[in-house]
Every structure is written in C-alpha cells, then in structure tokens.
Amino acid sequence: MSLAKLTLWPLSQSKAVSRPVATQILRHYATAKSTPATRNHPPRRTYLYEQYESIVKDDRVMFIFQHNNLNVQEFTQIRRDLKGLGGPVKLTVIRSEIFNAVLRNTKYANLEPLVTGGPACVLHSNVNDAEHPDLLKNAIQVLNKNKKLMLLGGKIDDLLLSEADVQKVVELPGLPQLQAELLGVLEAPARKLISLLSSPAQQLHSVLDRRTE
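Okay, so let's go over this structure. (Residues numbered from 1 in each chain as written. Predicted model: local features only at pLDDT ≥ 70, side-chain atom pairs only at ≥ 80, totals over all residues. Heavy atoms only, no water.)

1. Concerning the overall build of the protein
The number of helices and strands found in the protein is seven helices and five strands. Counting from the amino terminus, the protein carries its helices and strands in the arrangement α-α-β-α-β-α-β-α-β-β-α-α. Per-residue burial for the protein yields a buried fraction of 27% across its 213 residues. Sequence-distant contacts in the protein: of pairs separated by 6 or more residues, those separated by 24 or more amount to 77%. A total of about 15200 Å² of accessible surface is found on the protein, and carbon and sulfur atoms cover 57% of it. (Helix = DSSP H or I, 4+ residues; strand = E, 2+ residues; numbered from the N terminus. Buried < 20%, exposed > 50% of the residue type's maximum accessible area, 1.4 Å probe, protein only. Contact = heavy atoms within 4.5 Å. Areas by Shrake-Rupley, 256 points an atom, 1.4 Å probe, with all protein chains shown as cover.)

2. So, the side chain of asparagine 100
Along the chain, asparagine 100 turns up in helix H4 (residues 96-104). With residues near it in sequence (within four places) discarded, asparagine 100 still touches Glu112, Val115 and Thr116.

3. Some remarks on the nonpolar core
Core analysis: the largest hydrophobic core is formed by 24 residues, its most contacted members being Phe63, Phe65, Ile78, Leu82, Leu91, Leu123 and Leu143. Only strand E1 (61-67), helix H3 (72-83), strand E2 (89-94), strand E3 (120-125), helix H5 (135-144), strand E4 (149-156) and helix H6 (163-171) provide two or more residues apiece to this core. Here the element with the most residues in this core is H5; it accounts for six residues. The residues touching phenylalanine 65, leaving out its near neighbours within four places in the chain, are Pro119, Ala120, Cys121, Leu123, Ile140, Leu143, Leu149, Met150, Leu151 and Leu152. Of all hydrophobic cores here, the second largest spans 17 residues; its members include Leu48, Tyr52, Leu103 and Val122. (Core = buried A, V, L, I, M, F, W, Y, C linked by side-chain atoms within 4.5 Å.)

4. Concerning the pairing of E1
Counting buried residues in E1 gives seven out of seven residues, a clear majority hidden from the surface. Here E1 shows no split at all, with Val61, Phe63, Phe65 and His67 on one side and Met62, Ile64 and Gln66 on the other all buried. With six bridges connecting them, E1 and E3 associate as antiparallel partners. Bridge pairing in E3 links glutamine 66 to alanine 120. Sheet topology places E1 next to E4; seven bridges connect them, and they run antiparallel. (Pairing = 2+ DSSP bridges.)

5. Some remarks on the pairing of E4
With seven of eight residues buried, E4 is to be regarded as a mostly interior element. Bridge analysis of E4 against strand E5 (residues 159-162) gives four bridges, and the strand direction is antiparallel. Within the sheet, the bridge partner assigned to glycine 153 lies in E5 and is serine 162. As consecutive antiparallel partners, E4 and E5 are separated by two residues, and within that stretch aspartate 157 has a phi angle of approximately 55 degrees, a positive value.

6. Quick look at the packing of H3 against H5
Interhelical geometry of H3 versus H5 gives an angle of 160 degrees and a closest axis separation of 10 Å. The orientation of H3 relative to H5 falls into the category roughly antiparallel. As H3 runs across H5, the sense of the crossing is right-handed. Contact residues: Ile78, Asp81 and Leu82 in H3; Ala139, Val142 and Leu143 in H5. Looking at side-chain class alone, the contact of H3 with H5 contains five nonpolar, no polar and one charged residues. (Axes fitted to C-alpha atoms, helices over the stretch in contact; angles between N-to-C directions. Parallel < 35°, antiparallel > 145°, perpendicular 65-115°, else oblique. Left-handed = near helix turned anticlockwise from the far one by under 90°. Nonpolar A, V, L, I, M, F, W, Y, C, P; charged D, E, K, R; others polar.)

7. A look at the environment of asparagine 69
Tracing the backbone shows asparagine 69 in the loop between E1 and H3. For asparagine 69, a relative accessible area of 70% translates into the label exposed. Considering only alpha carbons, one finds asparagine 69 and leucine 149, 80 residues apart in sequence, at a separation of 9.3 Å. Those residues in contact with asparagine 69, other than ones at most four positions away along the chain, are Glu74 and Lys148.

8. Focus on helix H2 (residues 43-58)
With 16 residues, H2 should reach 22 Å at 1.5 Å per residue; the first-to-last C-alpha distance of 22 Å fits that figure. Listed in full, the buried residues belonging to H2 are Leu48, Tyr52, Ile55 and Val56. For H2, the angular spread of buried residues about the axis comes to 90 degrees, placing them on one side. Buried-residue contacts for H2 involve E1, E2, H4, E3 and E4. (Expected span 1.5 Å × (residues − 1). Arc of directions from axis to C-beta.)

If you want it as structure tokens, here you go:
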C-alpha cells in the first residue's frame, strides 16, 4: 500500500472533535433536575390532622386548656363527669404541633400561641343553646375542679376569646332566658301605659256606681 494514499489525522484534530461531545454530555448531567419526592405523612399523623380539623371547623365551641401531668385515671374521670352532663361536649388531648398546623390553615390562626406552651387539650362542642342552656357553664365547672387544668382561651363560632372572656360568656344565661327577659323589658312600658289609661275609667265607673246607689 502506498503511503501517499493514506490519510493521517493529526492528534489535535481528534481532540477537537471529541471535546464538544464530552462537553455536551457533562452539560447534560449538570443541568438535569431531579423531581422532588412527595412527602408521605404517617397514617397516625394524617388521622390526627383530620380529627383536629373537624374539631376546629365543625364545632361551634372550642376551649383550649393546658394540662400538667394528668394521668389516665384523671382524664377518664373528667370525661365521665362531662358525659354525665347529658349534652354534646367532649375533652380531647391534642398533639400541639399537629393542632397548630391545622390552626395555621384556618381563620383561627391567632389561637396558635395558646397551644405552644405545653401539653394541651380542648373542650369542644356543637351545642345548641336552646336545648342545653347551661351545658358550657357546667362543663367549665367540671374542668375547673382539677387544678392540673388551666383554661387559656378559645372560640365560640367566629369569635375568639381570652380566658377571661370564656369565664364571662359561660356565665351568661341561655338564649331562651335572654329572650324572655328582653320581652319582659319591652312589655313593661306597654303594661304601665294600659294601667294608666284604664285607671280613670275605673274610677269614673266607681263614682257613677256610688251616685246610682
């Protein structure tokens, strides 16, 4: 074979050809993005989150208590006493970090500081004032008997309450009693006016009766 027919490629040219390919490969791996993994919560955490969410969003009343080393027997006795009140009221021990996660996603986020101070539980109810006018008052009295429980605050419907507010609200009479008292106040002037208007007529009737005699 003649050497004149051979085509010899310089080493410098072969490097020039291979370098862009290598650069493309390296650039491809450098700029590739990994898809973030979906975070899966344990079933127990998911269950508690949904339970707390139902309490916060569905129950009209929710009062937050801090509890200090209450044992199982004490909690059992308190729940038995609440059940004896005959109304829809429950006491639920909560995990603060999960409960606060629920609060942050609702309009009651301002209650979050009440749950960060230590072990907590919530007294909650969907009570109808007309059917159980004294239920909340009696429930608070049950919990106040135990010195390991400290009322922090809570909410009724969309109204956020401090500890002092809760104590005042539960002492208010039920709606039927308030309506009856208001009706009495409104009717009092009318009854007085009717009495004043009928008094002269009665007096005149008495005078005429005496003159007839």
